[in-house]
Amino acid sequence: MKQIKIYIIMSLALLGASCSDDFLDREPQDQISSDTFWKSENDVELALNGCYAYVGASVYDAYLDAYADNSYCQYPWESNATIISAGTIDANMNDGYDYTGIRRFNYFLDNIDKAPVSDQVKKQYKSEVRVLRAWSYYNLSKKFGAVPLITNFFIEGKDVAIAPTAEADVMNFVISELDDVIDDLPIENVYKSRVSKGAALALKSRIHLFNQQWAEAASAAERVMGLGYELFKVTSLSAEDLADDYSGFVDFETEEQKQQFYLGLASYQKLFWEAHEGNNEVIMEAEYMPESAYAYSSGINTIYLADNAGGGWSSVTPTQSLVDAYWTS
């Protein structure tokens, strides 16, 4: 009888719990919803980090030069460069027509106001994400021309067939977005892999340059230069710096000219060394993280680009015309 009473009591307790609204009204355990997220500053940081996963540049941009006559890509399974340069383009090709990042940016911008963080933090983070969104639209439009311009996460109505916006209007939107947020960005962000005022201005200058708006491009570039960035320079040479012989490529009229050449070469090489990480020439960088997916990708691309003699695969090889243009620029 004692055991029966215990079972009855337990059954009643479970029945009471099962009838409770709190028990029945439960949040999904396999995903995060907007109603349960955006509750802390940490949530905002996580969402912002998620946006930076779709930053506008990529190590794979090296293949873009192979679309035209600047370089040659010999392996068609690595990218679409070989197909595009040959002109054999068909409707099955995508080549980056992707709104995943833009959708994430819009989600962030539509929801950050729910979070319990200061207005100043919200303003800065919104500005960073708007730059990322503008960057993505610039990359889309310069490649595909007219594209749908979507600035909200949820699209009203059942019809999702959105008409493309003209390329000129997309570019105007991008510039307008940058102009609207540049002054709300920090001159130095907490990480150089995050958008700063200099990064936004550099992007603005590049977009004006792409659109052949020379005066506007120069003005934005001058503003970047006024923020304290400067060329990284090596002031002395080691025996290792002088080990490679370039006399077959360059005619040195004087010893001083040779020294200047090697100083410039060493400066350019050592700019990317870990010992000089975050130097004053860097405006924005993708930071190397050991044992991460990005680090693996970076290593693979080093193999892709290096020549066979250097242990690489010679995936992308510059043409002589590009080399000549580089030397004479």
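Residues numbered from 1 in each chain as written. Predicted model: local features only at pLDDT ≥ 70, side-chain atom pairs only at ≥ 80, totals over all residues. Heavy atoms only, no water.

Draft legend 1. View of the packing of helix 6 (residues 119-144) against helix 7 (residues 167-181). Two elements in contact, helix 6 and helix 7, have axes separated by 9 Å at closest approach and are oriented at 160°. It follows from the interaxial angle that helix 6 and helix 7 lie roughly antiparallel. As helix 6 packs across helix 7, the resulting crossing turns out to be left-handed. Contact with helix 6, carried on its side by S127, R130, V131, R133, A134, Y137, Y138, S141 and K142, involves E167, V170, M171, F173, V174, E177, L178, D180 and V181 of helix 7 and no other residues of that element. Its residues assigned to classes, the contact of helix 6 with helix 7 shows 10 nonpolar, two polar and six charged. (Axes fitted to C-alpha atoms, helices over the stretch in contact; angles between N-to-C directions. Helix = DSSP H or I, 4+ residues; strand = E, 2+ residues; numbered from the N terminus. Parallel < 35°, antiparallel > 145°, perpendicular 65-115°, else oblique. Left-handed = near helix turned anticlockwise from the far one by under 90°. Contact = heavy atoms within 4.5 Å. Nonpolar A, V, L, I, M, F, W, Y, C, P; charged D, E, K, R; others polar.)

Draft legend 2. Expanded view of helix 10 (residues 255-270). Taking 1.5 Å as the rise per residue, helix 10 with 16 residues should run 22 Å; its terminal C-alpha atoms sit 22 Å apart, in good agreement. Three or more residues of helix 10 are buried, namely F261, Y262, L263, A266, S267 and K270. (Expected span 1.5 Å × (residues − 1). Buried < 20%, exposed > 50% of the residue type's maximum accessible area, 1.4 Å probe, protein only.)

Draft legend 3. Quick peek at the environment of K123. Position of K123 among the secondary structure elements: in helix 6. Residues K123 and L185, 62 residues apart in the sequence, show an inter-C-alpha distance of 8.5 Å.

Draft legend 4. Region of interest: a nonpolar patch on the surface. Taken together, Y268, F272 and Y326 make up a surface patch of nonpolar side chains, about 410 Å² in accessible area. Looking at the secondary structure, you find Y326 in helix 12 (residues 320-328). (Patch = residues over 30% accessible without salt bridge, like charges linked within 9 Å, V, L, I, M, F, W, Y side chains within 5 Å. Areas by Shrake-Rupley, 256 points an atom, 1.4 Å probe, with all protein chains shown as cover. Salt bridge = Lys/Arg side-chain N within 4 Å of Asp/Glu carboxyl O.)

Draft legend 5. Looking closely at the nonpolar core. Grouped together as the largest cluster of nonpolar side chains are 43 residues, with contacts concentrated most on F108, Y137 and V174. The greatest single-element share of this core, amounting to nine residues, is contributed by helix 6. In contact with Y137, not counting residues within four places along its chain, are Y99, I102, V147, P148, L149, I150, V170, F173 and V174. Counting residues in each nonpolar core, the second largest holds six residues, with Y63, C73, A81 and Y304 among its members. (Core = buried A, V, L, I, M, F, W, Y, C linked by side-chain atoms within 4.5 Å.)

Draft legend 6. Representation of the packing of helix 3 (residues 41-52) against helix 5 (residues 100-111) in the model. Remark: helix 3 packs on helix 5, axes separated minimally by 9 Å, with the N-to-C direction vectors making an angle of 155°. By the criterion of interaxial angle, the relationship of helix 3 to helix 5 is roughly antiparallel. For the pair helix 3 and helix 5, the crossing hand works out as left-handed. On helix 5, the residues that touch V44, A47, L48, G50 and C51 of helix 3 are R104, F105 and F108.

Draft legend 7. Quick peek at the side chain of S79. Along the chain, S79 turns up in the loop between strand 1 (71-73) and helix 4 (81-86). By relative accessible area, which is 14% here, S79 ends up buried. Within the local environment of S79, its side chain forms a polar contact with the backbone nitrogen of A81, the two atoms lying 3.1 Å apart. In this structure S79 touches Y63 and C73, once residues within four positions along its chain are discounted. (Polar contact = N/O pair within 3.5 Å; in protein donor to acceptor, adjacent residues only side chain to side chain.)

Draft legend 8. Main features of the confidence of the model for the chain. Averaged over every residue, the pLDDT of the chain is 83; residues scoring 70 or more account for 81%. Element-level pLDDT for the chain is lowest in helix 2 (residues 21-24), with a mean of 54, against a maximum mean of 97 in helix 7. (pLDDT = per-residue confidence, 0-100.)

Draft legend 9. Expanded view of helix 8 (residues 197-210). Its 14 residues place the ends of helix 8 20 Å apart at the C-alpha level, agreeing with the 20 Å of an ideal helix rising 1.5 Å per residue. Within helix 8, 10 of the 14 residues are buried, which leaves it mostly tucked inside the rest of the structure. Of the residues making up helix 8, those classed as buried are K197, G198, A199, A200, L201, L203, K204, S205, I207 and H208. Close packing links the buried residues of helix 8 with helix 6, helix 7 and helix 9 (214-225). After helix 8 finishes, the residue Q212 shows a positive phi value of roughly 60°.

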